Structures are given as structure tokens and as C-alpha cells.
Amino acid sequence: LQNVRIDPSSMSFSMWKDIPVPFYMSVYFFEVLNPNEVLQGAKPVLNQRGPYVYREIRYKTNITFHDNDTVSFLEYRRLYFQPDLSNGSEEEYIVVPNILMMGAAVMMENLPTFVKLLVSAALAGLKQEAFMNRTVGEILWGYDDTLIDTINRIVPGLIPFEGKFGLFVELNDSNSGLFTVNTGMKNISRVHMVDSWNGLTQLNYWQSDQCNMINGTAGEMWPPFMSPTSLEFYSPDACRSMTLVYQQSGKFKGVPTYRFVAPKTLFANGTDYPPNEGFCPCLQSGVQNVSSCRLNAPMFISHPHFYNADPTLVDAVEGLHPSEEDHALFLDVHPMTGIPMNCSIKLQLNLYIKQVTGIIQTGSVKPVVLPLLWFAESGSIEGSVLKQFYTNLVLIPSLLDYLQYILFGLSVLLIISAAVLMATSQTTAAEKSPRRPTTQSKPPPSSETTPLLHDAGTLSQDTAEA
């Protein structure tokens, strides 16, 4: 138990501080093959591109221990492109929706018509179109776009950020917020459980207290002695706490594990699963509206290829092929210590697009939740770390179990041997000791029921007189 606490002297502290597991983020884009037809109302035809793989380094800074059995830290991520593991380069061009323009159009849908016409004229002057052809690197890590300044001049504060725009521009070399978690020094069952995030014990993104709860851990480790039921963690990327459910027991390279997966209710809408009502406004089950924590942009998250989602989402586009093997997320955790041995967390980013009256650039696009990309963050314990883990937590305990039975067997043999020796020694002593005659001071009384004793007494007396 001491080795799973967050304590500089524990065996797992260095693993917690600088995660030694080689993490990789694989990114897959959805290229739009028929952008002109989509503008005329046709169904989008998509083609998956990738993966574009990045080595992910995670490390913690600003580690501060507190008197109330908690510790605060910032965790940073650095991503390095891996050409040898990728199917393509960051310089490749891909046709995707003009995320800024199409997103802003939906955000302005309820503004006065003259404002939308003014924005549309400005878009035409900037030669902005509904779809763009940009490189993988630009879409992920950012590109300069005068559209941001133009829209903010016309509709102040609509897009509250400056500089480059990219889907992952704030992901690389940045932290996921200030976590404060329990160390487990006083209560081991609370180790790694989140006490607060950015000073908050509850979020303010959603419409219900339940949906705003910060539950579970930070998603790296869990308390020991896990039960095969469920686990929880808070995900800043998803802006919510997530619950995974137990699927099966197994082994990862000899180490016992529990596998936890996402339930079908994870991204269900409030109609199909009432506890999720607080995440609404909702569309079909299988996508979650995250606009409230993404600058009000019409962004939705889901499983890749709309796995486990309402079939209408899959049918609204062409080119999706959802499958459990390729698109289901999972966590394999060692139940005794709560340490993940193997994991793959998968999420898809989607943009809701539609025709917006007054903004000519949106054409006749039919309302659709359009997949942009999906990514998998995967990692597993291996090498010297796995060997140490296996030795300390599997091999040695197994040997101790066997030794316990061996010692028990030996103790039984010793007890039996001691009993035999004792019985033998007592028998030998009895055989060597001389027999002594027994005397009686008085003969036993005569009784009709004991004639033999009476005769024996008389015989003894006659013998004495003789």
C-alpha cells in the first residue's frame, strides 16, 4: 500500500511524476471528397486519411504537497511527429470544412439579417469559402487567418481569441489545468481522487449539478483493490467526468487486469438517458454538444466513426465504418494497484454545419454533424518498467503463495513426525519399566453383582494365611 501512495519515497512516485509509458497520439482526418456537391445539398462523401502519429511526452511540474492529504500539479504534454509510424506527412493537403467560417455562421444564425449580410460581404472580400484545402500541420497546429479579426470587428467577442487558429493549437506544450488530488497518505482508498481542478470542485459548463460534478481521478491511476464494476475520471479535453464500466478480466503480458470500456450511455442524449439531460441541447444519441466549453462553437464529440451512436448520424454521410475493434476505447488496469497497463482513449471531433440565411457562403448545405478527425491516445507499460512491475507485483507474490503452501506442508509433516516420535518413545519407555504388584488394604465388599471380585478377594486372603 505504501508504494501506491503519492509520496516521494513510494515506488510508484517517479512513475506518477514523469510517466515512463511511451504514449502515442494517432490522428485520422476525414477528407471531404465532394465539397461543391455538399454546397448544393448533397450528402458529404468522406475519406479517412492517416494515421499521423505523434510521440507524446507527459511530465508534471509545480508539484506542491498540502497539509490536507492532497497534492497540486500541472501536467504538460509535448508532441513530436513520427514520420516512420505515420501514413503521410504534415505537409499533405486535405480538404475539410472552413471550421472558423462555418462555425461562426451557425453561431450568428439568430443575429439580425443585416448583420449577417454584412459578414457575408466581408467574407466575400476575404475570399472565404465553405471548404478549405490546408496541410495537416496547419489544421492541427494553427494558421493565420484575417477572418478572426474581421468577424470580431463586426460582432465583437464572437471569436474570443487571437493569433493562429488550429484544432490542437493549445494542446502541444501546454498543461491540462491545475489538478489537486488526494495523496492517500491518510486514506489509501482516496489516492489519486480529484479534490479540485483549477480551484473548482464543480464545473459550470452544464445545466445540472450532476453533469457538473468532478468525479474520479485525473485519468492516470486509480485507488488500489479495484472492484469489477466501474471507474471514473475527469477529462479536461471532454470538459466532463466520464464513467467506464467493467467488461472482462484478462492479462497483459502476464499481469492480471480488469478491462473497462465506455457504456452506450456515455454520449446518449437526455431523451434516451435522462441523467445526460444536463449536457443538452442535444441532437441524436452518440454525440455530445461541447459548445459551452469551446467558445460556443458548434462542436460535438463522439466515438470514432459514430461508433455506438444513432444510425442516422452514420447514414447522414458516406465513408464511415464503425466497429468495436477499431473505434472502441478501453483501459486495462491492474486491480491490485490501480495502475493502467494498457489503454487506448479514442475521441472524434465533429462540426455541425448548415445553411444559414443571409450568409451566402453556406450555400444549400443540409444540416449535418460532419466528422473532422478522430484521435487515439494509446500507451502500454513495457520494457524495464514492465519487468519490474511483473517481478514485484506478480512473480514475488506468486512465489510467496507457493512458499506458503510448501511451509504449510512441511509444518504438517513435522507435526506428524513429532507425534510419531512421541508415541514411539512412550511405547519404548513402557516396555522397559518393571511391573509392580498391586496391594489392597481391605478386600472389596461382597456383592451378588461382583462374584468374581469376591472370589478373588477370598483367594488372596487364603493365600496370605497360608
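Below, the structure is looked at part by part. If you're wondering where the values come from, they're calculated on a predicted model, not measured in any experiment.

Quick notes on the rules
Residues numbered from 1 in each chain as written. Predicted model: local features only at pLDDT ≥ 70, side-chain atom pairs only at ≥ 80, totals over all residues. Heavy atoms only, no water. Helix = DSSP H or I, 4+ residues; strand = E, 2+ residues; numbered from the N terminus. Expected span 1.5 Å × (residues − 1). Buried < 20%, exposed > 50% of the residue type's maximum accessible area, 1.4 Å probe, protein only. Arc of directions from axis to C-beta. Contact = heavy atoms within 4.5 Å. Polar contact = N/O pair within 3.5 Å; in protein donor to acceptor, adjacent residues only side chain to side chain. Salt bridge = Lys/Arg side-chain N within 4 Å of Asp/Glu carboxyl O. Phe/Tyr/Trp six-rings, centres within 6.5 Å; stacked < 30°, edge-to-face > 60°. Lys NZ or Arg CZ within 6 Å of the ring centre and 35° of its normal. Disulfide = S-S within 2.5 Å.

**Quick look at helix H4 (residues 113-125)**
1) Next: With 13 residues, H4 should reach 18 Å at 1.5 Å per residue; the first-to-last C-alpha distance of 18 Å fits that figure.
2) Next: Along H4, the residues classified as buried are Val115, Lys116, Val119, Ser120 and Leu123. Here the buried residues of H4 occupy an arc of 140 degrees about the axis, which is enough to place them on one side. Seen from the open side of H4, the exposed residues pointing more than 90 degrees away from its buried face are Phe114 and Gly125.
3) Next: Among the structural elements, helix H3 (99-107) and helix H6 (147-154) are those in contact with the buried residues of H4.
4) Next: Lys127 lies just past H4 and shows a positive phi near 60 degrees.

**Quick notes on the side chain of Asp332**
1) Next: For Asp332, the position within the fold is in strand S13 (residues 330-334).
2) Next: At 2.7 Å, the side chain of Asp332 and the side chain of Arg259 are in polar contact.

**Digging into the pattern of salt bridges**
Pairing between side chains of opposite charge can happen when their charged atoms approach one another.
1) Next: The final tally for this structure, using the stated rule, is 13 salt bridges.
2) Next: One salt bridge connects Arg49 with Glu31, and the closest N-O pair in it is separated by 3.0 Å. In this pair, Arg49 sits in strand S2 (residues 46-65) while Glu31 sits in strand S1 (residues 23-32), placing the two residues 18 residues apart along the sequence.
3) Next: Where salt bridges share partners, they join Glu56, Arg58, Arg77, Asp237 and Glu377 into one cluster.

**Notes on the environment of Pro228**
1) Next: In this structure, Pro228 sits in the loop between strand S7 (194-197) and strand S8 (230-235).
2) Next: Residue class for Pro228 comes out partly exposed when judged on its relative accessible area of 41%.
3) Next: For the pair Pro228 and Gln247, spaced 19 residues apart in sequence, the C-alpha separation works out to 8.2 Å.
4) Next: In contact with Pro228, other than residues within four places in its own chain, are Tyr246 and Tyr258.

**Some remarks on the packing of aromatic side chains**
1) Next: Across all of its chains, the model carries 21 aromatic pairs by this definition.
2) Next: Their ring planes at 75 degrees and their centres at 6.2 Å tell us that Tyr205 and Trp206 sit as a pair that is edge-to-face.
3) Next: In this structure Tyr205 comes out as partly exposed when scored by relative accessible area, which is 24%.
4) Next: We classify Trp206 as buried; its relative accessible area is 7%.
5) Next: Put simply, the rings of Phe13, Trp16, Phe65, Phe73, Phe179, Trp197 and Tyr234 touch in pairs and so form one group of aromatic residues.
6) Next: The ring of Tyr24 has Arg55 sitting right over it, with the charged end atom 5.5 Å from the ring centre.
7) Next: Directly above the ring of Phe330 sits Arg259, whose terminal nitrogen or CZ lies 4.0 Å from the centroid.

**So, the state of the cysteines**
1) Next: Tallied over the entire structure, the rule returns two disulfides.
2) Next: Across a sulfur-sulfur distance of 2.1 Å, Cys239 and Cys293 are joined as a disulfide pair. Across the disulfide from Cys239 to Cys293, rotation about the S-S bond amounts to roughly 90 degrees, and the bridge is consequently right-handed. One end of the pair, Cys239, is in the loop between S8 and strand S9 (240-252); the other, Cys293, is in the loop between strand S11 (287-289) and strand S12 (299-302), and 54 residues separate them in sequence. Per residue, the accessibility class of Cys239 equals that of Cys293, and both read buried.
3) Next: Here the chain pairs its bonded cysteines, counted in sequence order, in the arrangement 1-4, 2-3.
4) Next: The thiol of Cys211 is unpaired, and the distance to the nearest cysteine sulfur, on Cys280, comes to 8.3 Å.

Geometric descriptors of this kind do not, in isolation, establish any biological role.
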